[in-house]
Amino acid sequence: MNFSYRIVYVFWRNLVSYKRFVLTTFLASLIQPLFYLITFGIGMGAYIGYFGGKPYLYFLVPGVLITSVMMTASFECMYGTFVKMVHEKLYDSLIATPVSAEDAVAGDIAWGAFRGLVSGGLMMIVAIFMGILPVSPLSVVLLILLMVFVGILFSSLAMIVTSFAPNFDFFNYYSELVITPMLFFSGVFFPLDKFPGWMKTLSLFMPLTHAVAISRAIFLGEYTRGLIFNFLVIFVLEAAAFLIGVKLMKKRLIK
Amino acid sequence: MESAIMSLRQSIMKPIITARKLCKKYGKFKAVDRISFEIMEGECFGFLGPNGAGKTSTVRMIHCVSPLTSGTLTVQDTAAHVDNRTIKQHTGVIPQEITLDNDLTVSENLRVFAHFFDIPGQEAGKRIAELLKFVELEKKRDSRIDQLSTGMKRRLLIARALLNKPRIIIADEPTTGLDPQARHLIWQRLRQLKSQGVTLILTTQYMEEAQQLCDRIVIMHQGRILKGGVPMRLIAEEIGREVTEIRAGADQDEKLLAALGPLASGHERVGDTLYFYCGDGRPLMKKVLELDLPDTVHRPASLEDVFLKLTGRSLIE
C-alpha cells in the first residue's frame, strides 16, 4: 500500500469539477429521501402518531439521513468512479504522475464520503426546517462525524463493486441485491423488534442496521452500551472494505 | 565520418534508460519478449512497429505505470517499478488516448495536474501561461474540453506533459488521427523540446514521423526488437538508396528477374508488385525503359521499406 498526502489533490480535483454540477446533485440527492420523509413521515406518521414518546418523524429522520449518505456515497463510487476510470481514462493519466493508484482510489473514496455528507447534511437542514431537531448542538457535530464515517464505509464497499464491474448494468445487481434490501431490513422505517428471530439475525449482517442505530441514538441523545458493538461492526467492516477496495482497484488500474 | 561522430556521441553521453532482457506478459500473452536497449540522454529514440508490437507496453514500463514481468529496467539510475514516484516526477507523458479531464476547462486541466506534481500555485500559473502559448491554445484557456478539436486536445496533452519540466518525455503515438497541419505543428514542438536537451521517447507506426524526429530507432515486431540504429543508416544497410516498384503479375517474374535481378541488390514480390532494391538505380531504370514497363515507380528508399521488409509486407493482425 503506497499512500501519500496526494490523496488531497485527488479530492481537490473532484471538488473543482463538482462546481459545474453541484446544483443538479443537490436536487438528485434530496428528492428520494424527501419522498421518504413526506410519504412515510407525514403520510404514514399521521396513522402511527407517537413512537416511543415522540412523533414518528423523530424515529424516521435519523434513519433517512444515514440512508441518503449510503445512497450518495455508493452511487458516487460506482457510477462516478466508473466513468472516470473507463470512459474518461482519468485514472490512467493520474497514475502517470506521482499520484499512486492507492492515492487516487483513496481520494475518490474520500470524495464519495464527502458527497454523502453533503446529501445527509442537506437532509438534516430540511428536517430542522420541518421542526425535527437533533437533541443538542453536540448531536449535530456527532451526526456530521458519523455521516463521514459511514460515507467512507459505503464508498469503500462500492469501490469493491466497481473494481470488477464490466459495465454500468452490473451496478444494478449491487443496488437491487444489497442496497435496496438494506433500506427495508435495517430499521430505517420501523423498529426491528417485531421481526422473527432469523430476520433479526439477518439484519445484524447489514451495515446500515448498525449505522442507523448509532444515528438514532445520537439524534435523540439516548446512548446505550449496545452502541459500542454497532460502532465496532462498522469500524471493522470499514477498515476491511477500504483496504480490499483499494487493493482490487489497484489491480484493475495497473496491468 | 557519421559513424565516428555517433560513436563519439555515445561515449560522451551516458544512457538515461537501460533495459536488459525486459519482458512483459499479460496472462499467457507475451507483449514484450526479452528486449534490451539503451536510450541516451538528450536523444530522440523511436519505437517503431505495427499495432500490437509491444511499443506501448514497453514505454508504460519506462514511465512506471506497468510492472515488469522480468528483466531489468533502469531509468535515471533508479529501478523502474509502479511505485517509483521519483521517475514519474521527472517524466512527461503524452498518452496515445486522449485522457483529458472533460469536467474541467483547459486551464483547470493544467492547474489540477500541476498539483499532482507539487508545483506551487504561483509557479503553476506562470508555467500554464507559458505552456498555453507554446502549444498555441492561449485563446482556449477557459474553453471546455469538448469544445476543442482533436488537434487542440493533442496539443493540450503536450502542454500537460510539460508542466513538471520533465527530463524525459514519452510520446505514445502523438499524432494519430491528426490532419497534416496539426501533425507538423506537433513535430515542430517536439523538435523544439529536443533542442532544449530533453530526452524524447517516441512510439509510432508512421515511418515519416520517425524519420522526421528520431536520432535512433528500434523496429519492434511481436514483442521483439528486429533491428535498431540510425534511420538513414538502417535504410542504407537494409534496402540501399533507391527502390523500383514494378506492377506486374507473378507470371512475369522469371523474365523480369533475369533482366533486372543482376542490377539490383535485392528483390521481393508482394501481391501484384515486384520490388527491386538498389544503391544506384540508373542502370536498372535504363533497362526498365528498354523493356517498356509503363507501370513502374522509381523512388528513394525510406524507413517504410525497411519496416515492411523486416515485418513482412502482408497484413499483420
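The structure presented is a predicted model; accordingly, all values stated were derived computationally and were not measured.

**Points about the overall build of chain B**
- What chain B contains, in helices and strands, is twelve helices and 14 strands.
- Seen through its principal axes, chain B has C-alpha atoms that stretch 75 × 45 × 45 Å.
- Looking at the 317 residues of chain B, the share that counts as buried comes to 40%.

**Here we look at the overall build of chain A**
- Within chain A, the regular secondary structure consists of ten helices and two strands.
- For 255 residues, the compact-globule formula gives about 18 Å, and the C-alpha radius of gyration of chain A, at 18 Å, lands near that figure.
- For chain A, the spread of C-alpha atoms along the principal axes amounts to about 60 × 40 × 35 Å.
- Looking at the 255 residues of chain A, the share that counts as buried comes to 45%.
- By sequence separation, contacts in chain A at least 24 residues apart represent 81% of the contacts at least 6 residues apart.

**Looking at the interface of chain A and chain B**
- Contact with chain A, which involves 21 residues of that partner, is made by 24 residues of chain B.
- At the level of elements, α1 (7-18) and α4 (90-94) of chain A are the ones that each hand at least two residues to the side of chain A that touches chain B.
- Among the elements that make up the side of chain A that touches chain B, the one with the highest residue count is α1 of chain A (five residues).
- Partitioning the side of chain A that touches chain B into residue classes produces nine nonpolar, five polar and seven charged.

**Quick word on the sheet that holds strand β5 (residues 78-79) of chain B**
Residue and element names in this part refer to chain B.
- Within the open sheet, the four strands sit side by side as β2-β1-β4-β5. Their pairing is antiparallel. The open sheet has two edge strands with one neighbour each: β2 (29-40) and β5.
- Of the pairings in the sheet, the one linking strand β4 (residues 70-75) to β5 comprises two bridges and is antiparallel in character. Across the sheet, the residue bridging to Thr74 is Ala79, located in β5.

**Some remarks on the domain arrangement of chain B**
- Per the domain assignment, the segments of chain B are domain 1 (2-235) and domain 2 (240-300).
- A C-alpha centroid distance of 39 Å is found between domain 1 of chain B and domain 2 of chain B.

**Observations regarding the nonpolar core**
- In this structure, Ile95 and Val150 of chain A together with Ile62, Ala159, Ile170 and Ile201 of chain B are the most contacted members of the largest nonpolar core, which totals 154 residues.
- Ranked by the residues each element gives to this core, the list is headed by helix α3 (residues 56-87) of chain A, at 16 residues.
- Domain assignment of the residues forming this core places at least three in each of domain 1 (2-235) and domain 2 (240-300) of chain B.
- When neighbours within four sequence positions are excluded, Ala159 of chain B is seen to be in contact with Leu110, Leu131, Leu132, Phe134, Val135 and Leu137 of chain B.

**Overview of the packing of helix α6 (residues 137-163) of chain A against helix α9 (residues 207-220) of chain A**
All names here are of chain A.
- Following both chains from N to C, one finds α6 and α9 inclined at 170 degrees, their axes separated by 9 Å at the closest point. On the basis of the axis angle, α6 is roughly antiparallel to α9. Packed against α6, whose contacting residues are Ser139, Leu142, Leu143, Leu146, Val150 and Leu153, the element α9 presents Pro207, Ala211, Ile214, Ser215, Ile218 and Phe219 at the interface.
- The residue inventory of the contact of α6 with α9, partitioned by class, reads ten nonpolar, two polar and no charged.

**Description of the sheet that holds strand β6 (residues 91-94) of chain B**
Residue and element names in this part refer to chain B.
- Read from one edge of the open sheet, six strands run β6-β7-β8-β3-β9-β10, paired in mixed fashion. Every other strand in the sheet has two partners, leaving β6 and β10 (224-229) as the edge strands with one partner each. Put simply, the sheet's adjacent strands are angled 15 degrees from each other on average, direction ignored.
- With five bridges connecting them, strand β3 (residues 44-48) and strand β8 (residues 199-204) associate as parallel partners. Among the inter-strand pairings, Phe45 is bridged to a residue of β8, identified as Ile201.
- Here helix α6 (residues 150-162) sits on the sheet in contact with β6 and β7 (168-172), set at roughly 170 degrees to β6.
- Sheet strands touched by helix α12 (residues 303-311): β3, β9 (216-221) and β10. Its angle to β9, the strand with the most contacts, is close to 30 degrees.

**Some remarks on the pairing of strand β14 (residues 296-300) of chain B**
Residue and element names in this part refer to chain B.
- In terms of residue burial, β14 counts as a barely covered element, since only zero of its five residues are buried.
- The pairing of strand β11 (residues 242-247) with β14 spans five bridges and is antiparallel. From the neighbouring strand, Glu242 faces β14, where its bridge partner is Pro300.

**Let's talk about the confidence of the model for chain B**
- Looking at chain B as a whole, its pLDDT mean stands at 89, while 94% of the residues score no less than 70.
- Both scores are available for the predicted complex, with the pTM at 0.89 and the ipTM at 0.88.

**A look at unusual backbone geometry**
- A positive phi angle, close to 55 degrees, is found at Lys89 of chain A, a residue other than glycine.
- Looking at where Lys89 of chain A falls in the secondary structure, it is placed in the loop between α3 and α4.
- Given 16 C-beta atoms within 10 Å, Lys89 of chain A falls into the partly exposed group.
- Phi is positive for Gln222 of chain B, which is not a glycine, with a value near 50 degrees.

**Quick word on the environment of Ser70 of chain B**
All names here are of chain B.
- Mapped onto the elements of the fold, Ser70 is located in strand β4.
- Under the C-beta neighbour-count criterion, Ser70 is labelled exposed, with 11 such atoms within 10 Å.
- When the C-alpha positions of Ser70 and Cys23 are compared, they lie 5.1 Å apart, and in sequence the two are 47 residues distant.

**Examining helix α10 (residues 226-253) of chain A**
All names here are of chain A.
- When the terminal C-alpha atoms of α10 are compared, their 40 Å separation across 28 residues agrees well with the 40 Å that a helix rising 1.5 Å per residue should span.
- For α10, every residue scored as buried is listed here: Asn230, Ile234, Glu238, Ala241, Phe242, Gly245, Val246, Met249 and Leu253.
- Where the residues of α10 are buried, they touch α4, α5 (101-129), α6 and α9.

**Side note on the environment of Pro120 of chain B**
- Counting through the fold element by element, Pro120 of chain B comes out in the loop between α4 (106-116) and α5 (121-134).
- A count of 9 C-beta atoms within 10 Å places Pro120 of chain B in the exposed class.

**Focus on the pairing of β6 of chain B**
All names here are of chain B.
- Going residue by residue along β6, you find Thr91 and Val93 tucked away on one face and Gly92 and Ile94 tucked away on the opposite face as well.
- Where β6 and β7 come together, four bridges link them in parallel fashion. Across the sheet, the residue bridging to Val93 is Ile170, located in β7.

**Details of the environment of Gly63 of chain A**
Residues and elements named next belong to chain A.
- Tracing the chain through its elements places Gly63 in helix α3.
- The buried category is assigned to Gly63, around which 25 C-beta atoms lie within 10 Å.
- Gly63 sits 135 residues away from Trp198 along the chain, and the two C-alpha atoms are 22 Å apart.
- Sequence-distant contacts of Gly63, defined by excluding residues within four places in its chain, comprise Gly187, Val188, Phe189, Val212, Ser215 and Arg216.

What counts, and where the lines are drawn
Residues numbered from 1 in each chain as written. Chains lettered and ligands numbered in written order. Predicted model: local features only at pLDDT ≥ 70, side-chain atom pairs only at ≥ 80, totals over all residues. Helix = DSSP H or I, 4+ residues; strand = E, 2+ residues; numbered from the N terminus. Buried ≥ 20, exposed ≤ 12 C-beta atoms within 10 Å, placed from the backbone. Rg over C-alpha atoms; globule rule 2.2 N^0.38 Å. Contact = placed C-beta atoms within 7 Å. Nonpolar A, V, L, I, M, F, W, Y, C, P; charged D, E, K, R; others polar. Pairing = 2+ DSSP bridges. Domains from an automatic or database assignment. Core = buried A, V, L, I, M, F, W, Y, C linked by C-beta atoms within 7 Å. Axes fitted to C-alpha atoms, helices over the stretch in contact; angles between N-to-C directions. Parallel < 35°, antiparallel > 145°, perpendicular 65-115°, else oblique. pLDDT = per-residue confidence, 0-100. Expected span 1.5 Å × (residues − 1).

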